[in-house]
Every structure is written in C-alpha cells, then in structure tokens.
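# Summary of structural features
Take a look at the letters that make up each chain.
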Amino acid sequence: MKFAVVSFPGSNCDEDLYYAITDGLHEAATVVPHTTTDLSDFDVVLIPGGFSYGDYLRSGAIAKFAPVMPAVKDFANTGKPVLGICNGFQILTEAGLLPGTLQHNQQMQFICEPEPLQVENNQTMFTSAFQDQQRITLPIAHGEGNYYCDEATLASLRENHQIAFTYRRNPNGSVSDIAGITNQAGNVLGMMPHPERAVEDIQGGTDGLLVFKSLVQAHLRTV
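Residues numbered from 1 in each chain as written. Predicted model: local features only at pLDDT ≥ 70, side-chain atom pairs only at ≥ 80, totals over all residues. Heavy atoms only, no water.

Put simply, the rule is: UniProt positions are given in the numbering used here, feature names are shortened, and annotations may be inferred rather than shown by experiment.
Going by an unreviewed UniProt entry, the protein chain carries the name Phosphoribosylformylglycinamidine synthase subunit PurQ and comes from Secundilactobacillus angelensis. As recorded by UniProt, the Subcellular location (unreviewed entry) comment attached to the protein chain reads in full: "Cytoplasm". Taken directly from UniProt, the Subunit (unreviewed entry) text for the protein chain runs: "Part of the FGAM synthase complex composed of 1 PurL, 1 PurQ and 2 PurS subunits."

Structure, rendered in structure tokens:
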C-alpha cells in the first residue's frame, strides 16, 4: 500500500506523517512536492499540517492554487481516500473538496494541547478501526481551527453522517463541536486534530494509529 504525503512550502508536519506511516503503520510512504501533477500511482493521499505558503491571506487560500491540487481533485474523484490534517483540512475546504470553512479560534489564540474527542461515525474508510462513539485523545495545534458552516450545510452533514469526529470540550468554538468531517462520498476526510502525533506510546497515546489502520482495512477490502 502506497501513501503520498503532499508537501507544500511551509508544511511542517509532512515528516511526522511520513514516519507515522513508515514506522508506525509499516507501510510505504513518499513525500511528494507541491509541483507534482500525477498521483495516480498511490493508494492514499495525505495533506499535512503546517503553514502552507505562510498562511498568507487565509489558511489554505494560496495552497489551493498549487500545481498538485488538480491531481488531488482527480485522485478524490476516483474514490480513493484523501486525508487532510489541520492545515490540510483548511486546504481541502478552500479547494472545495469539503464544505464549510476554518476560522480563527474563538478566543483568538493558538491552541496546542491533547484534546478529548468522540468518534461520531465509525463506518467510514478512515474510522472503521474505532468502536462506535469511542472516546479518544489526539493532539491539536492550530490558530484557525474554528469550523463554521451555515445551518443548511450542517443539516446536510448530519443527514449524510459526514461528521466523523467531535470535540468533547470544544476548544475553538467550532459549530456543533465538529473536529472532522468527510465529503458526501466518504472518501475525503478533513480533521483538525493530529493523528500522526499519536501513533506510539512515547507520544502519549496511540489513538491516532487507528485512523491509518482504518485506511489499510479499507484498501484490503478493495484488492
């Protein structure tokens, strides 16, 4: 199984993701530059956290124009999984692959701490290794993690079971405590918490590893 880790100028979690896959999951991973125009050889595309293009204008607003993004959209359109973490989530919303937007945290401060979450839907290719309504803890590290969408979009997210993770003690003001959502097809997930920072005991917990194990399980069902 082959994972692509897309690296933008300003990404700083690309190596974290790479080692989470290679050392934690024991699968193959390649860090691909933002200039890549073909991702068809990969099974999963990962968009890491960081500050792509310095987060100028708005987080993810410049990255959506990177040469790699048409390839990411083409990849998603094939039904293969795309996972955006933190800045990756912001990029996916800016690119129109996920609904809503990420705003400044309600308290207008950067937050970096372990955060208790709940798995709201364990029937996706990203969450099948979790128990239904399982309570987990993953690190967060963001200044613009306040998820917002209008009421109609929120109703659609609920109706289509697109809310994958919620905060148990909302740290940033996100509407309906949302920490992660999928697209309607279920093959694109954006989440603000960092599963790649919770794959070994030395990191304080291994709850994040189940996100990546879920992707392996989903892949095995297709081969």
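### Details of the overall build of the protein chain
Just so we agree on the cut-off: Secondary structure follows DSSP: runs of H or I at least 4 residues long count as helices, runs of E at least 2 residues long count as strands, and numbering of each begins at the N terminus. As defined in this context, the radius of gyration uses C-alpha atoms, and a globule is described by 2.2 Å times the residue total to the power 0.38. Whether a residue is buried, partly exposed or exposed follows from its accessible area with a 1.4 Å probe, protein chains only, as a fraction of its type maximum: under 20%, in between, or over 50%, in that order. Here, residues are in contact when the closest pair of their heavy atoms is within 4.5 Å. All accessible areas in this document rest on Shrake-Rupley with a 1.4 Å probe, and a residue is counted as covered only by the protein chains that are shown. Note on charges: Lys and Arg go in the positive column, Asp and Glu in the negative column, and His and the chain ends are not counted at all. Each charge is placed at NZ for Lys, CZ for Arg, CG for Asp and CD for Glu.
From N to C terminus, the protein chain includes five helices and eleven strands. Taken against the 2.2 N^0.38 rule, which gives 17 Å for 223 residues, the C-alpha radius of gyration of the protein chain at 16 Å falls within 12% of a compact globule. By its C-alpha atoms, the protein chain is 40 × 40 × 35 Å across when sized along the principal axes. Within the protein chain, buried positions represent 54% of all 223 residues. A sequence separation of at least 24 residues applies to 73% of the contacts in the protein chain between residues at least 6 apart. Accessible area of the protein chain: about 9600 Å², with a carbon and sulfur share of 48%. The distance from the centre of the 12 positive side-chain charges to the centre of the 24 negative ones in the protein chain is 3 Å.

### So, the packing of helix α1 (residues 14–25) against helix α5 (residues 209–220)
Operational definition: Only the contacting stretch of a helix is used when fitting its axis, a line to C-alpha atoms as for every element, and angles between N-to-C directions run 0 to 180 degrees. Oblique is the label for any angle not covered by the other classes, which are roughly parallel (under 35 degrees), roughly antiparallel (over 145) and roughly perpendicular (65 to 115). Here the nonpolar group is Ala, Val, Leu, Ile, Met, Phe, Trp, Tyr, Cys and Pro; Asp, Glu, Lys and Arg are the charged ones; every other residue, Gly included, is treated as polar.
Running from N to C, α1 and α5 point in directions that differ by 70°, and their axes come no closer than 11 Å. Considering the angle they form, α1 stands roughly perpendicular to α5. Contacts between α1 and α5 involve L17, A20, I21, G24 and L25 from the first element and L209, F212, K213 and V216 from the second. Of the residues assigned to the contact of α1 with α5, the class counts are seven nonpolar, one polar and one charged.

### Description of the UniProt feature "active site" (unreviewed entry) in the protein chain
Rule in force here: Put simply, the grid is 1 Å and covers the protein atoms alone, a cavity is a trapped set of points that fit a 1.4 Å probe, a pocket is an open set with protein on both sides within 12 Å along at least five of seven lines, and lining residues have an atom within 4 Å of a point. We define a polar contact as two N or O atoms separated by no more than 3.5 Å, with the added condition that, inside protein, one atom must be a possible hydrogen donor and the other a possible acceptor, whereas residues neighbouring each other in sequence contribute only through side-chain atom pairs.
Taking the UniProt record as the reference, the feature "active site" (unreviewed entry) is found at C86, H194 and E196. For this annotated set, covering 111 residues, all C-alpha atoms fall within 11.0 Å of each other, a compact arrangement in space. Lining residues of the largest pocket drawn from the annotated set just named are C86 and H194. By secondary structure assignment, the location of C86 is in the loop between β4 (82–85) and α3 (87–94). Note on C86: relative accessible area 6%, which makes it buried. Non-local contacts of C86, meaning those with residues more than four positions away in its chain, are made with G49, A141, H142, M191, M192 and H194. Tracing the backbone shows E196 in the loop between β11 (188–191) and α5. Judged by relative accessible area, which is 2%, E196 ranks as buried. Contact partners of E196, with chain neighbours within four places excluded, come to C13, D16, L17, A20, I85, Q203 and F212. In this structure the side chain of E196 is engaged in a polar contact, spanning 2.7 Å, whose partner is the side chain of H194.

### Description of the pairing of strand β6 (residues 111–119)
The condition that has to hold: For two strands to count as paired, DSSP must find a minimum of two bridges between them.
In this structure, β6 lies alongside strand β7 (residues 135–142), joined through eight bridges in antiparallel fashion. Bridging across to β7, L117 finds its partner in I136.

### Notes on helix α2 (residues 69–77)
Note the threshold: The arc refers to the directions leading from the helix axis to the C-beta atoms.
Every buried residue of α2 is accounted for by M69, A71, V72, F75 and A76. For α2, the buried positions fall inside an angular range of 155° around the axis, keeping them on one side. Exposed and facing more than 90 degrees away from the buried side of α2 are D74 and N77. Contact partners of the buried residues in α2: β3 (44–47), β4, α3 and β11. A positive phi of about 95° marks G79, the residue just after α2.

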